Amino acid sequence: MGKIADILEARGQLDEALRIRQEEQLPVYERLGDVRSKAVTMGKIADILEARGQLDEALALHEQRLPIAQRLGDIESLAHIRYSTALLRLQRGEHGTGGLQTIHDELAEAFAISIVLGRPDFVAAIGQLLAQVLAMAGQREQALATLAQAEDALAKLNNAAGLAQVRALRERLGSV
C-alpha cells in the first residue's frame, strides 16, 4: 500500500495518498509494533500535509517523530526531521517573528549529520538552505563557507543546476 501511496502522491492525488497512509499503512505498523516504520510513515504523511498547505499539522507530526528517531538512534531520520521542521518554520514565516535561531539550530544539526553520513545530496540541499539562514542572521562568512561545502557536494553529484544556484547565492552575498 505504501508503494501505491507513493505513486498517488507523485501524481498529485494527495487526498487518496493521505488516506492510504493514515488508514491502511500506519495502523499496520502500530499493530506490529514497528516503531521505525511508523515514524517513517508519519514523515510521509507530514510531507503530504505540507504539500496540501497544512503547515501546522505537518510541523506537529514531524515534532512527534523527533523523540522516536532520537530514541532509536536513527540519525538519517533525525537529519530529515530537523531539515523538514526548519523548512516548515521558514514557510510559516517564523524567521521574521523571532524563530531564526531555532531554524538555524535545526539546519545546523541536520547539516552536521549529513556530513557525518557522507550524503552529498543531503549536504547540498541542507547546506544551501543553511547558508541562506546564516546570511539572514548576518553571518556572511559562515554562509560562504557553508555554500562552499554545498558546492563540493553538488560537484560530486554532477548537478549543474544546483551549482548554478550556489553561484547565484554567492553572487548575492557578494563573493564569486
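For the structure, see preceding data.
Below is a summary of the structure that appears in this document. (Residues numbered from 1 in each chain as written. Predicted model: local features only at pLDDT ≥ 70, side-chain atom pairs only at ≥ 80, totals over all residues. Heavy atoms only, no water.)

Before going further, it helps to spend a moment on the overall build of the protein. Along the backbone of the protein there are nine helices and zero strands. Along the protein, helices (α) and strands (β) appear in the sequence α-α-α-α-α-α-α-α-α when read from the amino end. A compact globule built from 176 residues would reach a C-alpha radius of gyration of about 16 Å, and the protein, at 17 Å, matches this within 12%. Structurally, the protein occupies a C-alpha span of about 55 × 35 × 30 Å along its principal axes. (Helix = DSSP H or I, 4+ residues; strand = E, 2+ residues; numbered from the N terminus. Rg over C-alpha atoms; globule rule 2.2 N^0.38 Å.)

A few words on unusual backbone geometry. We note that Asn158 has phi near 55°; this positive angle belongs to a residue other than glycine. Residue position: Asn158 is located in the loop between helix 8 (140-156) and helix 9 (160-172). Residue classification places Asn158 among the exposed residues on the basis of a relative accessible area of 69%. (Buried < 20%, exposed > 50% of the residue type's maximum accessible area, 1.4 Å probe, protein only.)

Next up on the list: the packing of helix 6 (residues 100-117) against helix 7 (residues 120-136). With their axes 9 Å apart at the nearest point, helix 6 and helix 7 run at an angle of 150° to one another. Comparing their axes, helix 7 and helix 6 come out roughly antiparallel. In terms of crossing hand, the pair formed by helix 6 and helix 7 is left-handed. On helix 7, the residues touching Leu100, Ile103, His104, Leu107, Ala108, Ala110, Phe111, Ser114 and Ile115 of helix 6 are Phe122, Val123, Ile126, Gly127, Leu129, Leu130, Val133, Leu134 and Met136. When the residues that make up the contact of helix 6 with helix 7 are grouped by side-chain class, the tally is 15 nonpolar, three polar and no charged. (Axes fitted to C-alpha atoms, helices over the stretch in contact; angles between N-to-C directions. Parallel < 35°, antiparallel > 145°, perpendicular 65-115°, else oblique. Left-handed = near helix turned anticlockwise from the far one by under 90°. Contact = heavy atoms within 4.5 Å. Nonpolar A, V, L, I, M, F, W, Y, C, P; charged D, E, K, R; others polar.)

It is worth spelling out the pattern of salt bridges at this point. Two side chains bearing opposite charge may form a pair once their charged atoms approach each other closely. Taken as a whole and assessed by the stated rule, the structure comprises 18 salt bridges. A salt bridge links Arg82 to Glu109, with the shortest nitrogen-to-oxygen separation between them at 2.8 Å. In this pair, Arg82 is assigned in helix 5 (residues 75-91) and Glu109 in helix 6, connecting sequence segments 27 residues apart. Ionic contacts of the salt-bridge type, sharing partners, join the residues Asp56, Glu63, Arg89, Arg92, Glu94 and Glu106 into one network. (Salt bridge = Lys/Arg side-chain N within 4 Å of Asp/Glu carboxyl O.)

This part takes up the packing of helix 1 (residues 2-10) against helix 2 (residues 14-32). Relative placement of two packed helices is described by the angle separating their axes and the distance separating the axes. It is at 8 Å that the axes of helix 1 and helix 2 come closest, and there the two elements cross at 160°. Comparing their axes, helix 2 and helix 1 come out roughly antiparallel. Along this stretch, helix 1 crosses helix 2, giving a crossing that reads as left-handed. Between helix 1 and helix 2, the residues in contact are Gly2, Ile4, Ala5, Asp6, Leu8 and Glu9 and Leu14, Glu16, Ala17, Ile20, Arg21 and Gln25, respectively. Classifying every residue of the contact of helix 1 with helix 2 by side-chain character gives six nonpolar, two polar and four charged.

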